[in-house]
Amino acid sequence: MMQFHLMYIDPGSGSYLVQVIIAAVLGVAFYFKTIWLRIKMFFTGRKKGQPGNQETNE
Amino acid sequence: MSDPQQHPASFRDPAGFIFQYNGHYYRQVNQSYEKDFKLFHSSGLYQHLITARQLLPYVILKKNMTGSQHWYTTLLPQQLRFITYPYEWCFSQWKDAALLTLDLAAEGIKYGMVLKDATPFNVQFVDGRPMLIDSLSFEAYDETRPWKAYRQFVECFIAPILLAKYQSPALLKLFQLYPDGLPLPMVAGMLPMRSWFSMNVLLHVRLPLWLSSSKPSAQQSKPTFSRQKMTHLIGNLRSFVNALALPAVTSTWNNYYEETILSDEYARDRMEVVQPWLKKTDVQTVADIGANTGYYALAAAAEGKFTLAVDADIACLDNLYKEIRRNKVANVVTIWADLTQSSPAIGWANEERASFTSRLKVDMILALAVIHHLCISKNISFAQLALLFSKACSWLVIEFVPKTDPKVQLLLSSREDIFSFYSEQYFIEAFAAFFSIEEKVKVKDTERIIFLMKKVGRD
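Because the structure is predicted, anything quoted here is derived from the model rather than measured.

(A) Looking closely at the overall build of chain A. For chain A, the helix and strand inventory stands at 3 helices and 0 strands. Order of helices (α) and strands (β) in chain A, N terminus to C terminus: α-α-α. Counting all 58 residues of chain A, 14% fall into the buried class.

(B) Up close: helix α10 (residues 263-278) of chain B. All names here are of chain B. Between its first and last C-alpha atoms α10 spans 22 Å; for 16 residues at 1.5 Å apiece the expected length is 22 Å, and the two agree. At E272, α10 shows its strongest bend, of approximately 35°, with the proline P276 following within four residues. The set of residues buried in α10 consists of R270, V274 and L278. As for α10, its buried residues are in contact with α11 (295-302), β13 (364-367), β14 (395-400) and β16 (449-455).

(C) Here's a closer look at helix α7 (residues 199-213) of chain B. With 15 residues, α7 of chain B ought to run about 21 Å at 1.5 Å a step, and its terminal C-alpha atoms sit 20 Å apart, in line with that. Of the positions making up α7 of chain B, those classed as buried are V201, L203, H204, V205, P208 and S212 of chain B.

(D) Seen up close, the sheet that holds strand β11 (residues 306-311) of chain B. Residues and elements named next belong to chain B. Across the sheet, which stays open at both edges, the 7 strands sit in the order β12-β11-β10-β13-β14-β16-β15 with mixed pairing between neighbours. Here the strands that pair on one side only, and so sit at the sheet edges, are β12 (332-336) and β15 (435-442). Mean inter-strand twist for the sheet, computed between neighbouring axes without regard to direction, equals 20°. In this structure, β11 lies alongside β12, joined through 5 bridges in parallel fashion. Among the inter-strand pairings, A309 is bridged to a residue of β12, identified as T334. Where α10 meets the sheet, it contacts β13, β14, β15 and β16, and its direction lies at approximately 15° from that of β16. Relative to the sheet, helix α12 (residues 314-326) contacts β11 and β12, its axis offset from that of β12 by approximately 160°.

Conventions we followed
- Residues numbered from 1 in each chain as written.
- Chains lettered and ligands numbered in written order.
- Predicted model: local features only at pLDDT ≥ 70, side-chain atom pairs only at ≥ 80, totals over all residues.
- Helix = DSSP H or I, 4+ residues; strand = E, 2+ residues; numbered from the N terminus.
- Buried ≥ 20, exposed ≤ 12 C-beta atoms within 10 Å, placed from the backbone.
- Expected span 1.5 Å × (residues − 1).
- Bend = angle between axes of the 7 residues up to and from the residue.
- Contact = placed C-beta atoms within 7 Å.
- Pairing = 2+ DSSP bridges.
- Axes fitted to C-alpha atoms, helices over the stretch in contact; angles between N-to-C directions.

Laid out in structure tokens, this is it:
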């Protein structure tokens, strides 16, 4: 039945819902990643774009 | 002069088609694509892709060569000497082609265009790098729409690459059975338990299956998308593909020269024999059958010959491809093919993708140390081999490995010797039906003999 349904949805639109869900998941992941990076920057004192080999204040 | 012939694989896209005329391939752009074609150039995307060497360049000929009423313009692309199909690529080639496709999609968006097709058939390898050959693949980008080619990308790139990674690279051949993309239910069933721990496999392979098993409504509202979502999606696919790697394996052949006693010295002795023949001026194209590390194929390419490095061992080819890519070697194309079971003609009317043997037309074939594998392991007769080669080349460099050779003895040790015909005399007789023997050289410290043969008679 699964494949049967797929055959009646045109290839583009069949993936629309999938892409919307994936984009939402990625959006949430991106949001938390940004927050995490900010927290990390706060503690390490590093600014965005600076190389990682810099010494920290700890 | 004959009429322009439309290429049998170029009929799906109403934007245009490929045709052959007087030995050259052209692309007609139809009026329906005029707006997008103009945008492709005016946006700067074409120039960007040419500079980045991601698109096969072309010149625009303002001439209606087909006489078609739908004609808008004609393109003459850089001509390719040989077309390889995705089911003849090694793992790294698949990955590079997938990454190129994603890069094209990402770059296109920056220029206000979106990649509407994501099939590996639109990619060819030129001088060790993947290039888009279908110049009609972009259309104006509508930010509110998701990626039209997303599902095609998953079925045509992600699915084969995942099976290669999680099961075996040999499964890349499945694309020959499913050239429009591998069915995701089948792929999901073939992936092992550990793939359940991959977030990306869940999102791109299993999620579509769960959604499709719920009843679709006919008037499904088309949800809106955004540029940021699109960028996230393509970026995610890119990091997904980029992280997929094969576990390290030792194949039958990838340590051939490294580990056998035959090793370096043997390879060098053989090169001394072959090298002067590679310099022949009437040889422009070479096919090395059983290319292995590519030692001889690379030597032919270094002589400026366009070379096909053919091998049945995908792990060997992967190493060779990576070397070609690393050193930006020009003129070599790797092909994963087994002569006893090479790619058939497939697609509509069996004409869309030509068979390997019909494409194999070169000036010179190198068949070094392969004859015993074909004749003794696979029961191919000398006459069959001579006939096949006579259709493919005008010069043949072939090594005869006699029964006394330790490698042949090894092959015979596990099976009954039903090969009474396997002798130098019968070998010469069989090949003399199509070729004249120009030179015959014994390889130092072995019983092996390398022949230089020239095809006699008409094609």
